[in-house]
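Observations on chain architecture
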Protein chains: 4
Amino acid sequence: MSGNSFGKLFTVTSFGESHGPALGCIVDGCPPGISLSEADLQGDLDRRKPGKTRHETQRREPDQVRILSGVFEGKTTGTPIGLLIENIDQRSKDYGNIMHQFRPAHADYTYHHKYGIRDYRGGGRSSARETAMRVAAGGIAKKYLREQYGIEIQGYMAQLGPIKAETLDWSHIDQSAFFNPDPAIESQLENYMDALRKEGNSIGARINVVARHVPPGFGEPVFDRLDADIAHAMMSINAVKGIEIGAGFDSVAQKGTEHRDELTPEGFLSNNAGGILGGISSGQDILVSMALKPTSSLRIPGRSIDTQGEVIEVVTKGRHDPCVGIRATPIAEAMLALVLMDHALRHRAQNAEVSVNTPIIPAQA
Amino acid sequence: MSGNSFGKLFTVTSFGESHGPALGCIVDGCPPGISLSEADLQGDLDRRKPGKTRHETQRREPDQVRILSGVFEGKTTGTPIGLLIENIDQRSKDYGNIMHQFRPAHADYTYHHKYGIRDYRGGGRSSARETAMRVAAGGIAKKYLREQYGIEIQGYMAQLGPIKAETLDWSHIDQSAFFNPDPAIESQLENYMDALRKEGNSIGARINVVARHVPPGFGEPVFDRLDADIAHAMMSINAVKGIEIGAGFDSVAQKGTEHRDELTPEGFLSNNAGGILGGISSGQDILVSMALKPTSSLRIPGRSIDTQGEVIEVVTKGRHDPCVGIRATPIAEAMLALVLMDHALRHRAQNAEVSVNTPIIPAQA
Amino acid sequence: MSGNSFGKLFTVTSFGESHGPALGCIVDGCPPGISLSEADLQGDLDRRKPGKTRHETQRREPDQVRILSGVFEGKTTGTPIGLLIENIDQRSKDYGNIMHQFRPAHADYTYHHKYGIRDYRGGGRSSARETAMRVAAGGIAKKYLREQYGIEIQGYMAQLGPIKAETLDWSHIDQSAFFNPDPAIESQLENYMDALRKEGNSIGARINVVARHVPPGFGEPVFDRLDADIAHAMMSINAVKGIEIGAGFDSVAQKGTEHRDELTPEGFLSNNAGGILGGISSGQDILVSMALKPTSSLRIPGRSIDTQGEVIEVVTKGRHDPCVGIRATPIAEAMLALVLMDHALRHRAQNAEVSVNTPIIPAQA
Amino acid sequence: MSGNSFGKLFTVTSFGESHGPALGCIVDGCPPGISLSEADLQGDLDRRKPGKTRHETQRREPDQVRILSGVFEGKTTGTPIGLLIENIDQRSKDYGNIMHQFRPAHADYTYHHKYGIRDYRGGGRSSARETAMRVAAGGIAKKYLREQYGIEIQGYMAQLGPIKAETLDWSHIDQSAFFNPDPAIESQLENYMDALRKEGNSIGARINVVARHVPPGFGEPVFDRLDADIAHAMMSINAVKGIEIGAGFDSVAQKGTEHRDELTPEGFLSNNAGGILGGISSGQDILVSMALKPTSSLRIPGRSIDTQGEVIEVVTKGRHDPCVGIRATPIAEAMLALVLMDHALRHRAQNAEVSVNTPIIPAQA
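Sequence order as written defines residue numbering, which begins from 1 separately in each chain. Each chain gets a letter, beginning with A, and each ligand a number, beginning with 1, in the order they are written. Selection of residues for local features in this predicted model requires a pLDDT of at least 70, selection of side-chain atom pairs for listing and counting requires 80 or more, and totals for whole chains, interfaces and linings are taken over all residues. Side-chain figures throughout are based on the complete set of non-hydrogen atoms in the structure, without hydrogens or water.

Starting at the N terminus, helices and strands are each numbered in turn, a helix being any DSSP run of H or I of at least four residues and a strand any DSSP run of E of at least two. Regarding its fold elements, chain A presents 8 helices and 18 strands. For a compact globule the rule gives 2.2 Å times the number of residues to the power 0.38, and the radius of gyration it is set against comes from C-alpha atoms. Taken against the 2.2 N^0.38 rule, which gives 21 Å for 365 residues, the C-alpha radius of gyration of chain A at 21 Å falls within 12% of a compact globule. Relative accessibility under 20% of the residue-type maximum defines a buried residue, over 50% an exposed one, and the middle range a partly exposed one, all with a 1.4 Å probe and only protein chains included. Within chain A, buried positions represent 71% of all 365 residues. Nonlocal contacts in chain A, meaning residues at least 24 apart in sequence, comprise 71% of its contacts between residues at least 6 apart. Per-residue accessibility takes into account occlusion by the displayed protein chains alone, with areas from the Shrake-Rupley method and a 1.4 Å probe. When the accessible area of chain A is evaluated, it comes to approximately 10300 Å², of which 50% is carbon and sulfur surface. Only four residue types enter the charge count: Lys and Arg as positive, Asp and Glu as negative, with His and the chain ends excluded. Working definition for charges: the position is that of NZ of Lys, CZ of Arg, CG of Asp or CD of Glu. In chain A, the 39 positive side-chain charges and the 44 negative ones have mean positions that sit 6 Å from each other. Contacts between residues were defined by any pair of non-hydrogen atoms, one from each residue, lying within 4.5 Å.

If you want it as structure tokens, here you go:
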């Protein structure tokens, strides 16, 4: 297929441009009999939606999702679930000036050479607006994983530019304007973002996501390892430039005796593996971390060329997030949910007859 | 499918266990009329094969590949290419003692819970021995990409434990026992590995891979982005725990003005993007970096449990690489080649009619 | 995936129930730069839509399609094309009585056992209403194949119950209420259908589809043969029970000397192959024929059971086609277009370098 | 992928040419813990292998299959199963003369135009020899379906040229040289084939396959219907030109009251549906019928052209089946097994939570 589908058994296929009439997706492969309503999906959509604070793009989109099929009398029927979100607050005139320009670090240049044509309004298909459908589809997966397996998925911002979260207070995350888990740095983040906005610049961020209570056995050997599919999922999010599982790049300087997570009947003694061994979940928490680059739409002029190859100076108008990382947390949660959902279904397809009398040890001693 | 296939149009499907009679794969989707012989694949297989130096596992495998189909009178026919490598130097008795044990940081525990049965000899399917077929299949892709597009793919070891390569001397890489590009650290690496071996410990590594002369336009939007498929490919290599594209995790602390790669008629002024914008190749060098964890097979005893859940002490006998990273370079090159090959075919499937008169600017000013 | 997608490179994924708010599909993989508007798709949708004559269901659906994405300033952009058709004329109360009943020859019993829940209104997802999206998506493929390859696809009703078309007058087909190519039998068909309607019964039909000017080389060996994909496509249409390519079941009694289509520089001397040899198009007309069963919704009572396993008598109310075959012609054309489109893209992906100086002979001497 | 894989969860990927060193396939997705040995597969391979009687090609191939992976101590491990069959009795010199010729009704012309190169020896990849791997892979599916679901799959020759089987004596089929179920016509078939062989001609055949005890619920809606996947599978067998499910083409002239299979607590009252309703198995016997064309390799001269487009007369030397249908029965059984196996796994992936208290009625009253 051509790149707009994700998942083998729980398959999400999406469409939609930033300034088109609507965004939509089809979720194919959802088991039947699950209670589902728009309200189940709206919560995460609201966490992701733009314009919640002054630190985000000021485009106002209610991002109200409609379920068009696959649900009957409040329950999924096993047939494909069609989801639709209408675009309300386009302001396309802002983009006329970049019609023939390539903004540095944008997809303009690559889309132009690949397709020979592009919808330049708000970035068209390359806009992060597309991620709204990932969050909607991920909401179905999150609900199913919670209800059927007790799996909980939660993300947070671990770092914004130079500012790192030093403590992890889960209760603070949804009170923060940044999905920041460290109350002590909240005001620092506010000030940093205010200064950045004045400057007309943007900044990168690090997002972490954790999945708890994933049973052992999710993931396929070799190419469709659970970690490989997670890497695929996360790197497919706009602006992501790096992925780590567990110890990640710290593994480079670790010795085997340091890295290996020893097992005891009371549980694993550490979690450098990030909950995945041989590409298969171990029952430990799944730990994922990712780097997001700074937004490329800046008010500060940059050098570039136009479609004729002529030298130009680019200044981006329009409304943009000065830090795409701020809104990335619910997107990363959704993508992790989609991967786990797909592997939950794949696991029971092929391993339904498996039963071992070996005790499953706790995630952590 | 069940995880043993990679690629949508250029599809590699592999089989084989570490101590089974043979490893094999099928390469489906290779264009016809390409001259191909075993010799074209043996070079990279020899770069990957074990036992070349004292710093690697001492298992001796010639890894001679046979082409069983898809090639006629020296040319590919467009039909599937069957490849086979026989296992010669198994020594299975070394593994009897771990039959009922779970080695920390190994796939033993997860395979056991997923499948209820496992071929414990040399790690069975979870052994890095499986990567031999990736290198064989990748050799076909490398040859095709070079001949049809002029694409060159080369990797190197950027760091081994605490020791970093400070200079990048391409000519040194294949003379080094470690695919190390910095002649100044070669002896340091030798000594470090000798000490490590005595200690019975293992160490992690960082591998970088570069692809040059990739034309703009490879990669699909949203889920099958070129960087997402690269992340998938690399994270599917045994022991990989982290992936970076371009600036990677440095993006977290970069401002937009720092990160954006400005364009001039003479070329891009930097390459923080690592050659990929909006999931599509830009014509710049594609820069990939990955972290490999230390081998988990150690002579130093570790705490664990057995299949009955009883406490045990594990000591791994058998022959193992003290640093899997050392042999990972040709594997990483092969995986990058497979991703680029698949997207080269996908690109021309859908974009055959595209022609723009916009000049393609050089990779680097 | 779970069965609601068709095609590997030109992929159509659909959703929607007979009495839900809307039907939709996503067409992923359409090449960029193709001029496309709703008007291009509406023609075939109108040929398929219900209620055109007294011989069809009297449900009135305008089947107005909206393009929600993937088209910019009248041209495709290469990004996924979202299509939506709203349901207007549901009359769900007609179905209350069959909520707990299994109608003979309907999907009620199988959906109930597979999913444990079903949207019984108008057949839910199992309704032929779903085929509207196939026709919409097929319209894109038809246009592309015509413009890029000169391929023409046309179908007709070859037989309705006992009445066979004896002549093939292409110009009559779209004037007929039945896509009937034989003016001589038009009134016979009218009378037969009027009698059938009075009787409250239904009847089967045979539909033929022809594709002209398909170049040699479409189709993949072994499993994804062009004829295998066509069989898959046609058998996926509601009510289809049989498929023939070329001579079809007549081949059983043919000798090799009869069946083989001899080649001359002026063209093939016959077309028993139906334009496909070894699973690959030969350049001859592609000839497909299919059998459609009679509608299973009848006013004539039938024996059945309910969800409790109790004996019941079923009488179907609601509005139904007495012969689903009548409206099947544009659906069959659309499915053939989707198969050819997918293989056109697959062909150029893998065979772009192929050039032979062997003349391509005409379809027919 | 490029057409050499079949199945979404139970995936068979094959390679190999008629006169290459070997044929092979990889079966990916087989559940673990199933007892499996070469002997389990050899039985059907022997039923298919050439040279058993004078009515088949006289090429002698033992078709001994080797299991190279995925089985440990007699049980499947859940990892991919590599299967290999060596070619023993090639006689390639017979084919030198057709190197530049296109045999009528052969894949020569289409392979030449698609690939620009072909292995002409024995038909290369287009040879029915490829079906040996289907039978080997199908053997795994057959065994699993029998052991886990009690599903029995059996085929027979229903017609050879003008001679129809009038009675269905299951016990006679494997005693017959033709998989013929009607003892009364056995000698007629012998005589017909002897005359045909003298004449140097070939003949078509009809093969039927039945699957018993398939539970209700296998099959996905819309595109991946069980019948659509069966049609795909059967039409992918060399020489197949037509497929019927249940009443097949008889449905064309049936009225709804005739065709519909009424339900009673004692079972269905007929089986025009062939065990599939709405694309999903109903629990009735699955009835499939297919038409095979006569072999195109004839000693009787035929008109054709060569690769230069020059007029030639073709006479096929080499060894060929005068009726490919004779050996098609085990192949058709294998393909039906592969489809059912794939859908068995897909069914439990998505429908594991479904439970209804509605009784499952018997296949037949």
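Once the structure has been displayed, the description carries forward.
A word on the interface of chain A and chain B. With 115 residues of chain A at the interface, the matching set in chain B holds 115 residues. Buried area is understood as the total, over both parts, of accessible area removed when two parts are fitted together, assessed with a 1.4 Å probe. Both sides together, the interface formed by chain A and chain B hides about 9500 Å², and carbon and sulfur atoms give 61% of it. Contact with chain B buries surface across chain A, with Lys114, Phe223 and Lys241 of chain A losing the most and accounting together for 10% of the total. Within this document, salt bridges are pairs made up of a side-chain nitrogen of Lys or Arg and a carboxyl oxygen of Asp or Glu, the two lying within 4 Å of each other. Remark: the boundary between chain A and chain B carries 4 salt bridges. One salt bridge in this structure joins Glu199 of chain B and Lys255 of chain A, with 2.8 Å as the shortest N-O distance. Among the elements that line the side of chain A that touches chain B, the one with the most residues is helix 2 (residues 108–115) of chain A, at 7 residues. Three classes are used, and their members are as follows: Ala, Val, Leu, Ile, Met, Phe, Trp, Tyr, Cys and Pro are nonpolar, Asp, Glu, Lys and Arg are charged, and the others, Gly among them, are polar. Of the residues assigned to the side of chain A that touches chain B, the class counts are 49 nonpolar, 44 polar and 22 charged. Relative to strand 11 (residues 240–245) of chain B, strand 11 (residues 240–245) of chain A runs antiparallel, the two being bridged by 3 bridges. The residue bridging Gly242 of chain A from the neighbouring strand is Glu244 of chain B, located in strand 11 of chain B. Any two strands between which DSSP finds at least two bridges are classified as paired.

Here the focus is the relation of the copies chain C and chain A. Copy-to-copy superposition: least squares on the C-alpha atoms, limited to residues that have pLDDT of at least 70 in both copies. At an RMSD of 0.0 Å, chain C and chain A line up after a rotation of 180° and a shift of 0.0 Å along the axis. The relationship between the two copies is best expressed as a two-fold rotation axis. Interface overlap between copies is the fraction of interface residues in one copy that are interface residues in the other; for chain C against chain A it reaches 100%, indicating a shared surface.

All right, on to the packing of aromatic side chains then. In summary, the pairing rule links any two rings of Phe, Tyr or Trp, Trp by its six-membered ring, whose centres are within 6.5 Å, and it sorts them by plane angle into stacked for under 30 degrees, edge-to-face for over 60 and tilted for everything else. Counting across every chain of the model gives 30 aromatic pairs over all chains. Relative to Phe6 of chain B, the ring of Phe223 of chain A lies with its centre 5.5 Å away and its plane at 45°, an arrangement referred to as tilted. Separated into two different chains, Phe223 of chain A in the loop between strand 10 (205–212) and helix 6 (226–235) and Phe6 of chain B in strand 1 (residues 5–6) make up a pair that spans both. We classify Phe223 of chain A as buried; its relative accessible area is 1%. You can call Phe6 of chain B buried: its relative accessible area is 8%. Three or more aromatic residues joined by ring pairs make a cluster, and in this case those are Phe102 and Tyr109 of chain A together with Phe268 of chain B.

As a further point, take the interface of chain C and chain A. Residue-level contacts link 45 residues of chain C with 45 residues of chain A. With both chains or domains summed, chain C and chain A bury close to 3200 Å², and 68% of this area falls on carbon and sulfur atoms. In protein, a polar contact requires one atom able to donate a hydrogen and another able to accept it; more generally it is a pair of N or O atoms within 3.5 Å, and residues adjacent in sequence count only if both atoms are side-chain atoms. Counting every contact that joins chain C to chain A gives 6 residue pairs in polar contact (both at pLDDT 80 or more). Those elements that place two or more of their residues in the side of chain C that touches chain A are strand 2 (11–15), strand 3 (22–28), strand 4 (65–67), strand 6 (75–76), strand 7 (81–86) and helix 2 (108–115) of chain C. Partitioned by chemical class, the residues of the side of chain C that touches chain A number 17 nonpolar, 18 polar and 10 charged.

On to the sheet that holds strand 11 (residues 240–245) of chain C, then. Spatially, the 10 strands line up as an open sheet ordered 9(C)-8(C)-10(C)-16(C)-11(C)-11(D)-16(D)-10(D)-8(D)-9(D), and their pairing is antiparallel. At either margin of the open sheet sits one strand with a lone partner, and together these are strand 9 (163–164) of chain C together with strand 9 (163–164) of chain D.

Right, let's get into the UniProt feature "binding site: NADP(+)" (unreviewed entry) in chain A. All names here are of chain A. Taking the UniProt record as the reference, the feature "binding site: NADP(+)" (unreviewed entry) is found at Arg48 and Arg54. Take Arg48: its relative accessible area is 1%, and that puts it in the buried class. When neighbours within four sequence positions are excluded, Arg48 is seen to be in contact with Asp63, Ala128, Arg129, Thr131, Ala132, Val135, Arg327, Pro330 and Ile331. Residue position: Arg54 is located in the loop between helix 1 (38–48) and strand 4 (65–67). UniProt positions are given in the numbering used here, feature names are shortened, and annotations may be inferred rather than shown by experiment.

Residue and element names in this part refer to chain C. Its place among the elements puts Ser297 in the loop between strand 16 (286–292) and strand 17 (302–305). Within the structure, the side chain of Ser297 is placed 2.7 Å from the side chain of His106, a separation counted as a polar contact. Here Ser297 is in contact with Arg103, His106, Thr316 and His320, once residues within four sequence places are set aside.

On to unusual backbone geometry. Working note: non-glycine residues mostly have negative phi, and peptide bonds are mostly trans. With a phi close to 70°, Ala105 of chain B is a non-glycine residue in the positive phi region. With a phi close to 80°, Ala239 of chain C is a non-glycine residue in the positive phi region. As for its position among the elements, Ala239 of chain C is in the loop between helix 6 (226–235) and strand 11.

For the rest of this paragraph, the subject is the sheet that holds strand 9 (residues 163–164) of chain A. Ordered in space as 9(A)-8(A)-10(A)-16(A)-11(A)-11(B)-16(B)-10(B)-8(B)-9(B), the 10 strands form an open sheet in which the pairing is antiparallel. Looking along the sheet, the strands with just one partner apiece sit at the ends: strand 9 of chain A together with strand 9 (163–164) of chain B. Sheet topology places strand 8 (residues 152–160) of chain A next to strand 10 of chain A; 8 bridges connect them, and they run antiparallel. The partner of Leu160 of chain A across the bridge, within strand 10 of chain A, is Ala205 of chain A.

What follows deals with helix 8 (residues 328–351) of chain A. Under the convention used throughout, the expected extent of a helix is 1.5 Å for every residue step, that is, one less than its residue count. Taking 1.5 Å of rise per residue, the 24 residues of helix 8 of chain A would be expected to cover 34 Å, and the 34 Å separating its terminal C-alpha atoms lies within 8% of that figure. Within helix 8 of chain A, 24 of the 24 residues are buried, which leaves it mostly tucked inside the rest of the structure.

As recorded in UniProt, the feature "binding site: FMN" (unreviewed entry) lies at Arg125, Ser126, Ser127, Asn238, Ala239, Gly278, Lys293, Pro294, Thr295, Ser296, Ser297 and Arg319 of chain A. The named residues occupy 195 residues along the chain; their greatest pairwise C-alpha distance, 43.9 Å, places them well apart from one another. Among the residues examined, Gly278 of chain A registers a relative accessible area of 24% and is labelled partly exposed. Apart from the residues within four sequence positions on either side, Gly278 of chain A is in contact with Arg225 of chain A together with Ala107 and Tyr111 of chain B. With respect to the helices and strands, Lys293 of chain A occurs in the loop between strand 16 (286–292) and strand 17 (302–305). Setting aside its immediate chain neighbours within four residues, Lys293 of chain A contacts Ala105, Ile203, Gly204, Ala239, Lys241 and Val324 of chain A together with Ser251, His259 and Leu277 of chain B.

We now examine the pairing of strand 16 (residues 286–292) of chain D. All names here are of chain D. In terms of burial, strand 16 is a largely internal element, 6 of the 7 residues being buried. Direction of pairing for strand 10 (residues 205–212) relative to strand 16: antiparallel, over a ladder of 7 bridges. Bridged to Ile207 within strand 16 is Met290. For strand 11 (residues 240–245) and strand 16, the ladder comprises 5 bridges, and the chain directions are antiparallel. Its bridge partner being in strand 16, Ile243 is matched across the sheet by Met290.

Within the secondary structure layout, Ser281 of chain C lies in strand 15 (residues 280–281). Only 2.6 Å separates the side chain of Ser281 of chain C from the backbone oxygen of Pro215 of chain C, close enough to count as a polar contact. Not counting residues up to four positions away in its chain, the partners in contact with Ser281 of chain C are Val214, Pro215, Pro216, Gly217, Phe218, Leu226, Gly275, Ile276 and Ile286 of chain C together with Thr110 of chain D.

Next up on the list: the pairing of strand 17 (residues 302–305) of chain B. All names here are of chain B. The pairing of strand 17 with strand 18 (residues 311–314) spans 4 bridges and is antiparallel. Counted as the bridge partner of Gly302 is Val314 from strand 18. The hairpin turn running from strand 17 into strand 18, its antiparallel successor, is 5 residues long, and Gly309 in that turn takes a positive phi close to 85°.

So, about the pattern of salt bridges. On inspection of all chains with the given rule, the structure shows 117 salt bridges over all chains. Here Asp224 of chain C makes a salt bridge to Lys8 of chain C, at a shortest N to O gap of 3.1 Å. With Asp224 of chain C in the loop between strand 10 (205–212) and helix 6 and Lys8 of chain C in the loop between strand 1 (5–6) and strand 2, this pair connects stretches of sequence that are 216 residues apart. Asp224 of chain C gets classed as buried once you look at its relative accessible area, which sits at 3%. Overall, Lys8 of chain C belongs to the partly exposed group, its relative accessible area being 31%. Look at the salt bridges and you will find they share partners, linking Lys8, Glu220, Asp224, Asp229, Asp342 and Arg346 of chain D into a network.

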